[in-house]
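Residue strings, one per chain:
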Amino acid sequence: MLTFENTEIAFRYKSNSDLTRARFLFRTIANPTLVKFGKSLTYFALKMHLPIAWAIKPTLYKHFVGGETLGECEKTVQLLSKFKVKSILDYSVEGGKDRSSMQRTLDETIRSVIHAARHPNIPFAVFKPTAFASQEVLTLASENAVNGEETQKSIDFFCDCVELLCKTAFENDIPIMIDAEDSWYQPFVDQLVTKMMEKYNKQKAIVYNTLQMYRTDRLDYLKEALRKAEEGNYYLGMKFVRGAYMEKERWRASEKGYPSPIQPDKAATDQNYDDGIEFSVAHLDRISIFNGSHNEVSNRLLTEQMEKLGLARNEPKIWFSQLYGMSDHISFNLASEGYNVAKYMPFGPVKSVLPYLIRRAEENTSIAGQTGRELSLIMKEIERRKIGK
Ligand SMILES: Cc1cc2nc3c(=O)[nH]c(=O)nc-3n(C[C@H](O)[C@H](O)[C@H](O)COP(=O)(O)OP(=O)(O)OC[C@H]3O[C@@H](n4cnc5c(N)ncnc54)[C@H](O)[C@@H]3O)c2cc1C
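Residues numbered from 1 in each chain as written. Predicted model: local features only at pLDDT ≥ 70, side-chain atom pairs only at ≥ 80, totals over all residues. Heavy atoms only, no water.

The helix and strand inventory of the protein chain stands at 16 helices and eight strands. For the protein chain, the C-alpha radius of gyration of 21 Å lies close to 21 Å, the compact-globule estimate for 389 residues. Its C-alpha atoms give the protein chain principal-axis dimensions of about 65 × 60 × 45 Å. Counting every position in the protein chain, which comprises 389 residues, the buried fraction comes to 54%. (Helix = DSSP H or I, 4+ residues; strand = E, 2+ residues; numbered from the N terminus. Rg over C-alpha atoms; globule rule 2.2 N^0.38 Å. Buried < 20%, exposed > 50% of the residue type's maximum accessible area, 1.4 Å probe, protein only.)

Spelled out as structure tokens, the structure:
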């Protein structure tokens, strides 16, 4: 059975001082009060235009982000590739506000698509829908409630951006993934991504949608997507994740008085996730799988299913992925066993990646004073190096 316990393999790319710094970081963010305070302070500093980069850049940013530009990520991309771990460079600008900043994001994302296509160690390109339209606009489009010329123009701009990115990916023969965000504007994103798949996935999966398996409707959605793909004779690319916005989803549902779209508990999400993966492995002739998870059980299950079906470990239609700065024990142990692995590596200016960094800090905050998994693994490796075992 595949285990992820080998911390020597997991952290071979980290020097002793990298590990000491990581231990300090995870110890700090383990404190929920400190994270809460840090979050409020950061948003306050941003509002008042106070400088915050000096505090964030050498700490959270350095650990979880590749750099400000594609070029700045290169050193890390090369380093990971020495251990057969590839990288996916994600221009992590969230919630674009005005047209000119969205245009800049589009230009940078196109550069990242072409950069990926030319780079042997970058197997996918990626973008977020809200980089090219506001949540409000996408929500109106999802509710078929577009009213007014300005909103229509924003929707047209969004559709043009998505089309241009998918077309560039197709022409450069590099798969492209579209992240999933909030459920209430996903219907419009799903419609558009499906159109892109119909157009660009005729030979193989170039365009990948994202399925958040904490949603109760996603398994049925996957089955229906497969039916449509078979009927329309195109291929499905699916990135599986559990989903990052559970609290917000539940809060909005209760606020607006509709049933929560989220699974009732963690066990139900886990089951749904694994069912989705199992279904897709059984339909690999039509579905390409991108397994975006830090869950050891789900990662192991997928390797076991591959083995059961006699698939090669480096089967091109199956990729494993974890976020840069997290779960190295899964990524590096899988890669060392011959599976396709890529780290999701955000890049961008400090201010733009703050929402992403705050999510990472909150995710690693300790519950009831327990030592988190990342911190335990880092401490285990520091100890192992000390005694030279
Ligand atoms: C490569 C990659 C790409 C990603 N892209 C996206 C993306 O596009 N969109 C996105 O939303 N997220 C994305 N994520 C984040 C992802 O959705 C998860 O938040 C994160 O990976 C934690 O889930 P896990 O599978 O790693 O495992 P675990 O740590 O085992 O699971 C934690 C997850 O389980 C679910 N959960 C926890 N408690 C409950 C509960 N009480 N009831 C129901 N469900 C519960 C939540 O989804 C929570 O995030 C990505 C993650 C990776 C690794």
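Okay, back to it.
Here we come to the side chain of serine 183. Mapped onto the elements, serine 183 comes out in the loop between strand E3 (176-178) and helix H9 (186-200). For serine 183, a relative accessible area of 10% corresponds to the buried category. A distance of 2.6 Å separates the side chain of serine 183 from the side chain of glutamate 249, its partner in a polar contact. (Polar contact = N/O pair within 3.5 Å; in protein donor to acceptor, adjacent residues only side chain to side chain.)

A word on the environment of phenylalanine 127. Counting through the fold element by element, phenylalanine 127 comes out in strand E2 (residues 125-127). Along the backbone, phenylalanine 127 and isoleucine 110 are 17 residues apart, and their C-alpha atoms lie at a distance of 9.8 Å. Ignoring any residue separated from it by four or fewer positions in sequence, one finds phenylalanine 127 in contact with Thr109, Phe132, Val162, Leu165, Ile176, Met177, Ile178 and Asp179. (Contact = heavy atoms within 4.5 Å.)

Let us now look at the environment of proline 32. Looking at the secondary structure, you find proline 32 in helix H3 (residues 32-47). With 48 residues separating them in the primary sequence, proline 32 and leucine 80 have C-alpha atoms 31 Å apart.

All right, on to the sheet that holds strand E5 (residues 236-241) then. Taking strand neighbours across the sheet as the criterion, the eight strands line up as E1-E8-E7-E6-E5-E4-E3-E2 in an open arrangement whose pairing is parallel. Unpaired on one side and paired on the other, strand E1 (86-91) and E2 mark the two borders of the sheet. Recorded for the sheet is a direction-independent mean angle of 30° between the axes of neighbouring strands. As paired elements, strand E4 (residues 207-212) and E5 share five bridges and run parallel to each other. Across the sheet, residue tyrosine 208 finds its bridge partner in E5, namely glycine 237. On top of the sheet, helix H14 (residues 328-336) reaches strand E7 (318-323) and strand E8 (341-347); it is set at about 140° to E8, its chief contact. (Pairing = 2+ DSSP bridges. Axes fitted to C-alpha atoms, helices over the stretch in contact; angles between N-to-C directions.)

For the rest of this paragraph, the subject is the packing of helix H12 (residues 266-282) against helix H13 (residues 296-308). One way to put it is that H12 packs onto H13 with a least axis distance of 10 Å and a crossing angle of 20°. Taken as axis vectors, H12 and H13 run roughly parallel relative to one another. Considering how the two elements wind past one another, H12 and H13 form a crossing that is right-handed. Listed contacts from H13 to Tyr273, Asp274, Ile277, Glu278 and Val281 of H12 are Ser298, Leu301, Leu302 and Gln305. For the contact of H12 with H13, the residue count by class is five nonpolar, two polar and two charged. (Parallel < 35°, antiparallel > 145°, perpendicular 65-115°, else oblique. Left-handed = near helix turned anticlockwise from the far one by under 90°. Nonpolar A, V, L, I, M, F, W, Y, C, P; charged D, E, K, R; others polar.)

On the secondary structure map, alanine 53 appears in helix H4 (residues 53-64). The partly exposed category is assigned to alanine 53, whose relative accessible area is 33%. Taking the C-alpha atoms as reference points, alanine 53 and threonine 42, 11 residues apart in sequence, are found 9.9 Å from one another. Residues contacting alanine 53, with those up to four places away along its chain left out, are Pro58 and Val350.

Our next topic: the site of the ligand. As a matter of local geometry, the ligand sits amid 25 residues, with Arg242, Gly243, Lys266, Thr269 and His294 nearest to it. At 2.8 Å from an oxygen atom of the ligand is found a side-chain nitrogen or oxygen belonging to serine 293. Contact with the protein chains covers 84% of the free accessible surface of the ligand, which is 940 Å². For the shell around the ligand, the elements supplying multiple residues, two or more each, are E4, E5, helix H11 (246-256), H12 and E7. Ranked by residue count, the leading element in the shell around the ligand is E7, at three residues. (Near = heavy atom within 4 Å. Areas by Shrake-Rupley, 256 points an atom, 1.4 Å probe, with all protein chains shown as cover.)

By size, the foremost hydrophobic cluster in this structure holds 80 residues, and its most contacted members are Phe158, Ile176, Val207, Leu236 and Phe240. Considering every element that reaches this core, the biggest residue donor is helix H8 (residues 149-171), with eight residues. Of all hydrophobic cores here, the second largest spans 37 residues; its members include Ala10, Phe26, Val35 and Ala205. (Core = buried A, V, L, I, M, F, W, Y, C linked by side-chain atoms within 4.5 Å.)

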